[in-house]
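Working through the structure, step by step
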Amino acid sequence: MIAGPETELRMSDGDRVWTFVLLAGGGAALLLVLPWLLDLVSGFPWVPFEDVARWVAGFDAPWAWAARLAAGAAVGGALAVLTIVDEHRVVVRDEELVLVHGRDRRTVARDQVVGVYLDGRRLVVDGTQGRRLFHERLEAPRHQVREAFLAHAYPWESA
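A short tour of the structure in this document, coming up. This structure is a prediction, so every number in the text was calculated from the model and none was measured. (Residues numbered from 1 in each chain as written. Predicted model: local features only at pLDDT ≥ 70, side-chain atom pairs only at ≥ 80, totals over all residues. Heavy atoms only, no water.)

Strand order in the open sheet formed by 4 strands is S1-S2-S3-S4, and the pairing between neighbours is antiparallel. Every other strand in the sheet has two partners, leaving strand S1 (6–9) and strand S4 (104–109) as the edge strands with one partner each. Adjacent strand axes in the sheet meet at a mean angle of 15 degrees when their direction is disregarded. Contacts from helix H4 (residues 142–151) reach S1, strand S2 (88–93) and strand S3 (96–101), with the element oriented near 155 degrees to S1. (Pairing = 2+ DSSP bridges. Helix = DSSP H or I, 4+ residues; strand = E, 2+ residues; numbered from the N terminus. Axes fitted to C-alpha atoms, helices over the stretch in contact; angles between N-to-C directions. Contact = heavy atoms within 4.5 Å.)

Quick look at the structure:
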């Protein structure tokens, strides 16, 4: 995925779609079975708000099923959008790194970078005078991160 003068490291388009599908589908499924779950646990003495649980469990009309399905999908979809918007991205260029988080963009000159490596799922960019310039979770595949920094001649320190 090294393309020309710059490489953007971020969640793949397929991962973005799966994030949306899984969170929206999970929210819909959870709210769909919520009355059944609440009815199941409402008899236990340790369940808080037992009256509220019984009240929610009583929503079993056809319109309520559709409303719960739609509300769950909407809440899950909103959570997916927030997850995608909140991701950290890195644009790797020969002369600089552009670190992006939401609308914030920070540029780091190439001569400020003394080391780059992965610490689990976090990308670490060390700078001059012992400064840590970046230490955040990056959703790009590990091999793609390594290839991008090596292709742009950054001091890669991971295996």
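Burial along S1 is one-sided: the face carrying Thr-7 and Leu-9 is buried and the face carrying Glu-6 and Glu-8 is not. Inspection of the sheet shows S1 paired to S2 by 4 bridges, in the antiparallel sense. Residue Thr-7 lies in a different strand from S2, and its bridge partner there is Val-92. (Buried < 20%, exposed > 50% of the residue type's maximum accessible area, 1.4 Å probe, protein only.)

Here helix H1 (residues 13–41) crosses helix H3 (residues 62–85) at 145 degrees, and the two axes come no closer than 7 Å. Seen from above, H1 lies across H3 with right-handed handedness. A per-class count over the contact of H1 with H3 returns 15 nonpolar, 6 polar and 2 charged. (Left-handed = near helix turned anticlockwise from the far one by under 90°. Nonpolar A, V, L, I, M, F, W, Y, C, P; charged D, E, K, R; others polar.)

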